[in-house]
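Architecture and fold: a report
Spelled out from the first residue to the last, the chains are:
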Amino acid sequence: MTPTREALIAAFAEAGHELWLAGGFVRDEFRGVPAKDRGDADYATSALPDETERIGRALGATVATIGQRFGTTGVLLQEGMAEITTFRGDSYTAGSRWPDVTFGSSIDEDLARRDFTVNAIARNTATGELRDPFAGRDDIERRLLRAPGDPRMRFAEDPLRILRGVRFVSQLGFTIEEETKAAMVATVELLETLSQERVTAEIERLLCGKHPAEGLEALREIGALPHILPEFVAMPGCDQNRFHKFDVWGHTTATVEAIATDPESLSLRRWAALLHDLGKPPVRHVKKNGEWGFYRHEIVGAEMTDALAERLRLGKRESALLSLLVRRHMDRPDPDDGRLVRRFMRRLDGHWRDLLALKRADNASHAYDDNEYHDRLEAACERVEAEEAAMLRAESPLDGRELMALLDREPGPWIARIKERLSTLVLDGELAPGDKEEAARIARRMGGTAALLADTEDGS
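Note that the structure is predicted; figures quoted are calculated from it, not measured. Each chain has its residues counted from 1, running along the sequence as written. Where totals are concerned, whole chains, interfaces and linings use all residues; where local detail is concerned, this predicted model gives features only for residues with pLDDT of at least 70, and gives and counts side-chain atom pairs only at 80 or more. The side-chain numbers reported here are obtained from all heavy atoms of the structure, hydrogens and water having been left aside.

Below, the discussion takes up the sheet that holds strand 2 (residues 42–45). Strand order in this open sheet of 7 strands is 3-4-5-2-1-8-9, and the pairing throughout is mixed. The strands lining the two open edges of the sheet, one partner per strand, are strand 3 (63–64) and strand 9 (130–131). Here 4 bridges tie strand 1 (residues 19–22) to strand 2, and the two strands are oriented antiparallel to one another. Across the sheet, the residue bridging to L21 is Y43, located in strand 2. Lying over the sheet, helix 3 (residues 49–58) contacts strand 2, strand 3, strand 4 (72–77) and strand 5 (80–86), oriented at roughly 10° with respect to strand 4. A strand pair is defined by DSSP finding two or more bridges across the two strands. Counting from the N terminus, the helices are DSSP H or I runs at least four residues long and the strands are E runs at least two residues long. We call two residues contacting when some pair of their heavy atoms lies within 4.5 Å. With axes taken as lines fitted to C-alpha atoms, and helix axes fitted only over the stretch in contact, angles between N-to-C directions fall between 0 and 180 degrees.

Between side chains of opposite charge, a pair can form when the charged atoms approach closely. Each reported salt bridge corresponds to a side-chain nitrogen of Lys or Arg within 4 Å of a carboxyl oxygen of Asp or Glu. One pass over the structure, following the stated rule, counts 37 salt bridges. The residue E217 makes a salt bridge to R220 at a minimum N-O spacing of 2.5 Å. Taken as a pair, E217 and R220 lie in helix 10 (residues 212–221) at a separation of 3 residues, close to a single helical turn. Overall, R220 belongs to the partly exposed group, its relative accessible area being 32%. A salt bridge links K436 to E402, with the nearest nitrogen and oxygen atoms 3.0 Å apart. With a gap of 34 residues between them, K436 in helix 22 (residues 436–457) and E402 in helix 20 (residues 400–407) connect regions that are remote in the sequence. Relative accessibility decides the category of a residue: with a 1.4 Å probe and only protein chains considered, values under 20% of the type maximum give buried, values over 50% give exposed, and everything between is partly exposed. Given a relative accessible area of 40%, K436 falls into the partly exposed group.

Moving on: helix 7 (residues 160–172). Taking 1.5 Å per residue, 13 residues should reach 18 Å; helix 7 reaches 18 Å between its end C-alpha atoms and fits that length. Of all 13 residues in helix 7, 11 are buried; the element is thus mostly enclosed. When helix 7 is considered as a whole, its buried residues turn out to be L160, R161, I162, L163, G165, V166, R167, F168, V169, S170 and L172. Helices are assigned an expected span. That span is 1.5 Å times one less than the residue count.

So, on to the side chain of N124. Mapped onto the elements, N124 comes out in strand 8 (residues 122–124). Residue N124 is classed as buried on the basis of its relative accessible area of 10%. Polar contacts here mean pairs of N or O atoms no more than 3.5 Å apart (in protein, one a potential hydrogen donor and the other a potential acceptor; neighbouring residues in sequence count only if both atoms are side-chain atoms). Within the structure, N124 has its side chain in polar contact with the backbone nitrogen of A126 (distance 2.8 Å). Beyond its immediate stretch of four places on either side in the chain, N124 contacts L19, W20 and E129.

Pairing of strand 2 with strand 5, which is carried by 4 bridges, proceeds in the parallel orientation. For T45, the partnering residue across the bridge sits in strand 5 and is T86.

Next up on the list: the layout of surface pockets. Using only the protein atoms, space was sampled on a 1 Å grid; points where a 1.4 Å probe fits but cannot get out form cavities, open sets with protein on both sides within 12 Å along at least five of seven lines form pockets, and lining residues are those with an atom within 4 Å of a point. Grid points are joined across faces, edges and corners, and a volume is the space filled by probe spheres set on the points. The volume enclosed by the largest pocket comes to roughly 1700 Å³. Together, 48 residues line the largest pocket, and D42, E83, R164, R167 and R205 are the ones closest to its centre. Of all elements in the fold, only helix 2 (24–30), strand 2, strand 4, strand 5, strand 6 (88–91), helix 7 and helix 9 (196–207) reach the threshold of two or more residues within the lining of the largest pocket. For this classification, Asp, Glu, Lys and Arg are treated as charged, while Ala, Val, Leu, Ile, Met, Phe, Trp, Tyr, Cys and Pro are nonpolar and the rest, including Gly, are polar. Of the residues assigned to the lining of the largest pocket, the class counts are 14 nonpolar, 12 polar and 22 charged.

A separate point is the packing of aromatic side chains. Centres within 6.5 Å make a pair out of two Phe, Tyr or Trp rings, where for Trp the six-membered ring is used; the pair is then stacked when the planes are under 30 degrees apart, edge-to-face when over 60, and tilted otherwise. Across all of its chains, the model carries 3 aromatic pairs by this definition. Aromatic side chains F116 and F168 sit 6.1 Å apart centroid to centroid with 80° between the ring planes, which places their arrangement in the edge-to-face category. With a gap of 52 residues between them, F116 in the loop between helix 4 (107–112) and strand 8 and F168 in helix 7 connect regions that are remote in the sequence. Comparing F116 with F168, the two get one shared label, buried. The rings of F116, F155 and F168 are connected pair by pair, giving a single aromatic cluster.

Here helix 16 (residues 316–328) contains 13 residues, and its C-alpha end-to-end distance of 18 Å stays within 8% of the 18 Å for a straight helix at 1.5 Å per residue. Residues S319, L321, L322, S323, L325, V326 and R328 constitute the buried set of helix 16. The elements touched by buried residues of helix 16 are helix 13 (266–275), helix 15 (297–312), helix 17 (338–347) and helix 18 (352–364).

What follows covers unusual backbone geometry. Here R143, not a glycine, exhibits a phi torsion of approximately 55°, which is positive. The phi torsion at R296 lies on the positive side, around 65°, for a residue other than glycine. Looking at where R296 falls in the secondary structure, it is placed in the loop between strand 13 (292–293) and helix 15.

Moving on, we get to the packing of helix 13 against helix 18. Contact pair helix 13 / helix 18: the axes reach a minimum separation of 10 Å and the direction vectors enclose 45°. Taken together, the axis directions place helix 13 and helix 18 in an arrangement best described as oblique. Like other packed secondary-structure pairs, helix 13 and helix 18 cross with a definite hand, here right-handed. On helix 18, the residues touching L268, R269, A272 and A273 of helix 13 are R353, D354, A357 and L358. Looking at the contact of helix 13 with helix 18, its residues break down into 5 nonpolar, no polar and 3 charged. Note on terminology: angles under 35 degrees are roughly parallel, angles over 145 are roughly antiparallel, angles of 65 to 115 are roughly perpendicular, and the others are oblique. Two helices cross in a left-handed way if the nearer one is turned anticlockwise from the farther one by less than a right angle. They cross in a right-handed way if the turn is clockwise.

This paragraph deals with empty space enclosed by the protein. As enumerated under the stated definition, the model contains 1 cavity of 30 Å³ or more in all. Every residue along the wall of the largest cavity is listed here: L163, V199, E202, I203, L206, L219 and I228. Top element by residues in the lining of the largest cavity is helix 9. It accounts for 4 residues. Its residues placed into classes, the lining of the largest cavity shows 6 nonpolar, no polar and 1 charged.

Now for the nonpolar core. Nonpolar cores are built from buried Ala, Val, Leu, Ile, Met, Phe, Trp, Tyr and Cys residues. Side-chain atoms within 4.5 Å join them into one set. Membership of the largest hydrophobic core comes to 90 residues, with the highest contact counts inside it found for I228, L229, F232 and W271. With 7 residues, the top contributor of residues to this core is helix 7. If near-sequence neighbours (up to four positions away) are discounted, W271 is found in contact with I203, E204, L207, L312, L314, E318 and L322. Core analysis: the second largest hydrophobic core is formed by 15 residues, I415, I418, V426 and L431 among them.

What follows covers a positive patch on the surface. Patch definition: residues above 30% relative accessible area lacking any salt bridge, with like charges linked at up to 9 Å and the nonpolar side chains Val, Leu, Ile, Met, Phe, Trp and Tyr linked at up to 5 Å. Only the protein chains shown count as cover for residues, and all accessible areas are computed by the Shrake-Rupley method using a 1.4 Å probe. Charged residues are defined narrowly, with Lys and Arg counted positive, Asp and Glu counted negative, and His plus the chain ends left uncounted. By convention, charge coordinates are those of NZ in Lys, CZ in Arg, CG in Asp, or CD in Glu. A contiguous patch of positive charge on the surface is contributed by R339, R343, R346 and R347. Looking at where R347 falls in the secondary structure, it is placed in helix 17.

Right under this line is the structure:
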């Protein structure tokens with residue numbers, strides 16, 4: 001049976017080891033976040049990883065040892081996965097991609113190695129004692145991110161902390177304290193020593209935060225773009241025409257902030273919003289009227305998205321969808337033309353709602369209001385979707401074999417055309433679902449046209 005958190009705490013106490021709740025779980029307690037919404041609990045302990053593993057297995061728990069290289073053992077509890085890390089001090093060797101872990105001797109030493117004061121708070125699980133050596137609770141109240149001790153040393157020990165800080169700006173809505181920000185700027189080049197997987201994971205978390213525009217702007221302010229997203233360096237200061245309120249960077253961050261999402265679409269839509277105008281700086285030119293133009297920026301942007309997604313090691317399916325959304329974000333079909341609306345929808349492989357959300361967010365920082373058009377397009381797409389669902393239920397009275405026998409013809413695209421026409425007549429109530437005789441008459445009438453079209457397609 002999976003053990004409870006209380007059983008784990010009792011087992012560590014019985015074994016004579018300290019066990020402290022630490023990090024984000026305690027931070028979010030002081031932020032007023034309910035326990036059920038704080039995520040998995042993180043613990044710091046005096047026990048070495050092998051001893052933590054022994055305690056977990058003795059409780060009958062599922063134990064994950066993959067993180068023991070860094071002093072962390074995962075123990076599955078009824079309340080969720082607990083990550084239990086031996087008191088530690090970790091540091092980076094210049095140019096390394098992973099920390100060299102050394103184990104510490106006390107919770108105070110462990111907290112001194114934390115990334116930010118708001119995460120350097122711990123509660124003893126046995127006694128309830130609270131340790132807050134760097135006034136992290138005060139910083140939580142001030143909504144401030146401050147590195148404990150020497151901030152340059154903290155970021156030199158682990159440059160990923162720079163990106164974690166920016167990510168916390170997005171997730172928590174906190175601001176970065178000035179000395180801490182200056183240390184980020186001074187050490188930002190160390191980001192290039194990190195593995196791409198770690199960098200991409202932090203960008204993903206930033207984009208999925210509650211305040212992504214603030215996080216992205218913090219990323220720009222500390223000078224991180226050239227080191228982790230060089231494709232975006234030309235965006236700040238890239239002015240646009242009178243139809244836009246901001247430069248390309250300001251417009252991009254505003255679009256990321258504005259795009260409507262739900263839990264299922266959050267990642268895809270935020271990435272699409274971030275990338276949708278990637279192609280603007282390379283194609284910017286002066287038009288005859290003296291204004292800036294961005295002809296074919298969606299095509300160039302889609303090509304750049306392909307390359308960027310590969311570099312960031314995004315999944316193939318996600319990369320293809322992002323490229324598609326960037327490529328098609330300028331499409332503007334006439335909502336009153338069903339044929340054009342259907343073509344628009346077919347091109348999007350079922351993701352027309354994602355593109356419409358992108359188009360609405362794209363419009364949010366324009367100098368004009370295009371909501372009426374988007375409302376009409378959405379209504380048109382929903383009508384087409386309903387019609388096509390109904391057509392799937394409206395079957396042609398004649399199948400392909402019956403049509404080939406009736407018209408004495410070989411298989412070909414002509415069958416689909418006739419069946420689609422017969423299905424439409426059934427849908428419109430002009431042909432009874434089982435009226436094969438009338439369907440045959442209509443098929444014979446269409447046969448000559450279908451044959452002519454087929455011959456034309458064959459190059460005759």
